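Residue-level listing of the chains:
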Amino acid sequence: MAKTVSPNAISYLFANPSPDSSSDIPDIVVQVVDLKFVGNRYMFYANDGMKKVNSILPTNQSSDVLSGKIQNLGLIRILDYTLNDIPNKSEKYLLVTKCEPVSPALEVEIKSEQPSITLKPKQESGIDLKPKQGVVSKSAAQIVHEQHGNSAPAARMAMTRRVRPLVSLNPYMGTWTIKVSVTSKGTLRTYRNARGEGCVFNVELTDEDGTQIQATMFNDAARKFYEKFVMGKVYYVSKGTLKVANKQFKTVQNDYEMTLNENSEVEEVASEASFVPETKFNFVPIDQLGPHVNKSDLVDVVGIVKNVSSTMSIRRKSNNETVPKRDITIADESKKTVVVSLWGELATNIGQELLDMADKSPVVAIKSVKVGDFQGVSLSAISKSLVLIDPEVPEAQKLRCWYDSEGKDTAMASLSSGSTNSGGGSRSVYSDRVSLSYITSNPSLGAEKPAFFSIRGYINSIKPDQAMWYRACKTCNKKVTESIDDGYWCESCQKNDQECNLRYIMIAKIIDASGEAYISAFNEEAERLIGCSADELGNLRSQEGEENPYQMKLKEATWVPHLFRVSVSQNEYNNEKRQRITARAVVPVDFAAESKILLEDISKMIASH
């Protein structure tokens, strides 16, 4: 194949700015000149040797640039396109909606003085293709109603201007019509702001190519179209507007989002099956959920169902309505578990199905859940969440094999262990991260009420001669005293018991890159630091020998990295106020998660300079 451009390609594009069908487009090969990344997509000049035009590559072909298939000074074949005017710009822009690489970079930019040659359509060689005359844009209502309602959808569309693929839409286009299936439908929500009360709802629309876009409707439009849009049905949609998607609320992979008003047109395509693309997941392992806590992004998870609760009724504070809720606990190969809260119909329908088959430990894949900090790290389904039971995806099949072969006999740790349920400390070890020096250099912290932070550090030392524990009641864990007769007396329970437990009340020195501090650790937190219970450590202390096993155990606990959730308060000692730092939660360092946090911090630092 000759490495050359199609003569007069740019002139043809200007004469035919919006082809009715991709089959009408002749063989158009242009050279990519001045390829660069601008905003969120690649731009270039399409060059035919005589003329150039500003051009934009579709975002779904950015990977071809990154892989080197499409190169600066290389050749591409344009398979579908739209030529548009851009507001406040004198020149037109070529929106390339589909193309394919023809050649890698040539040595030079093509420049020629070629005679005028008329491009011919690929399927009708020898017949000159003349510019279109009087192209008429038609709305969704016209497409449906002009065809007497009896013709099949394909026949109706063959008689009208073609439907636009979603990938070709942009805010600068005029009238357009799309043919889409409703693949997600939100609830009709009310809101209140400075301008008064209103209502809003969202749908996710998918076309036959699998491209998705989120459409939002407010007030009159929301009330008009809420009942009109039905999950799984196909519609012609026109007279909407587009704008750049707000990344904070972005739920689908599209640079733009759509708004429909009361004048927009939505017409159902009768007797046509929905074209729902295969659900694509981007799974996050359970042990890597920490960095996503309280972030705006939604995540996908896959796990073995370990437990399913009964249905609960939760009263919402916002409107005092009661909504059903069900919690499921899932686990994966990271040997961690997390609780997923299902709400509404997901709780009553899918949740009940999971409860009925819980003894079989099914695999669930859940798309689009929010990561919260309730009891450390937790997941909550939202209106657009999708729950699939035993899906046929490779990750689910791999998880099933792992669980059947070894996972079912493996001890699992809950992500909730990284939290505390006491007051303002009910946050994860990934929230409110500070350095030790931030705490120690602010002696007034916690003066009025305890302040909560998260830190990452090492145990530097644990004094072996301190009061490491106290004797506790086996019933209430309160302190007991030795009875005059025999056993131990619990003042709280008002009873005598022959045995008691030892519970930690130790102090350890911790350090990080910024400084050091002493931290108090109670029983559960101290057990995670030492690696054994207070009773076990007490038995080691009573042993004799040259190598003291008690001190060896304390030494083994030092220089191990941990994540701490701490409270900072003030206490008085010898009429002097002192800062008291108490461990409320202790978890091992997840290095993958910490690396992501560091990369985010580096990006923020770069952006601020």
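Our structure is the block above this text.
The present account deals with the structure reproduced in this document. These figures come from a predicted structure and were not determined experimentally.

Moving on: the pattern of salt bridges. Per the stated rule, a full pass over the model turns up 19 salt bridges. A salt bridge links arginine 400 to aspartate 404; the nearest nitrogen and oxygen atoms lie 3.1 Å apart. Note that arginine 400 and aspartate 404 are positioned in helix α7 (residues 394-405) at a spacing of four residues, about one turn of the helix. Exposure remark for arginine 400: the relative accessible area of 22% places this residue in the partly exposed category. You can call aspartate 404 partly exposed: its relative accessible area is 41%. Among the charged side chains, a network of salt bridges with common partners joins Asp27, Arg77 and Glu100.

Buried within helix α9 (residues 523-530) are the following residues: Asn523, Glu525, Ala526, Leu529 and Ile530. Taken around the axis of α9, the buried residues stretch over an arc of 160°, which confines them to a single face.

In space, the three strands of this open sheet follow the order β23-β24-β25, with antiparallel pairing throughout. If you trace the sheet from one side to the other, it starts and ends with β23 (480-482) and β25 (495-497), each paired once. With strand direction ignored, the average angle separating the axes of adjacent strands in the sheet is 35°. With three bridges joining them, β23 and strand β24 (residues 488-490) adopt antiparallel strand pairing. Note on β24: the bridge partner recorded for threonine 481 is tryptophan 489.

Structurally, aspartate 300 can be placed in strand β14 (residues 299-308). A relative accessible area of 7% places aspartate 300 in the buried class. Side chain to side chain, aspartate 300 and lysine 367 meet in a polar contact 3.2 Å long. Among the polar contacts made by the side chain of aspartate 300, one reaches the main-chain amide nitrogen of serine 368 at a distance of 2.9 Å.

Summarising the element assignment, valine 200 is placed in strand β8 (residues 196-206). Along the sequence, valine 200 and leucine 188 sit twelve residues apart, while their C-alpha atoms lie 5.8 Å from each other. When sequence neighbours within four positions are dropped, the list of residues in contact with valine 200 reads Thr187, Leu188, Arg189, Tyr191, Thr216, Met217, Phe218 and Ala222.

Looking at where tyrosine 256 falls in the secondary structure, it is placed in strand β12 (residues 256-260). When its relative accessible area of 13% is taken as the criterion, tyrosine 256 is described as buried. Along the backbone, tyrosine 256 and isoleucine 213 are 43 residues apart, and their C-alpha atoms lie at a distance of 7.2 Å. Apart from the residues lying within four places of it in its own chain, the contact partners of tyrosine 256 are Arg41, Leu169, Asn170, Pro171, Ile213, Leu242, Lys243, Val244 and Ala245.

Cut-off values and rules
Residues numbered from 1 in each chain as written. Predicted model: local features only at pLDDT ≥ 70, side-chain atom pairs only at ≥ 80, totals over all residues. Heavy atoms only, no water. Salt bridge = Lys/Arg side-chain N within 4 Å of Asp/Glu carboxyl O. Helix = DSSP H or I, 4+ residues; strand = E, 2+ residues; numbered from the N terminus. Buried < 20%, exposed > 50% of the residue type's maximum accessible area, 1.4 Å probe, protein only. Arc of directions from axis to C-beta. Pairing = 2+ DSSP bridges. Axes fitted to C-alpha atoms, helices over the stretch in contact; angles between N-to-C directions. Polar contact = N/O pair within 3.5 Å; in protein donor to acceptor, adjacent residues only side chain to side chain. Contact = heavy atoms within 4.5 Å.

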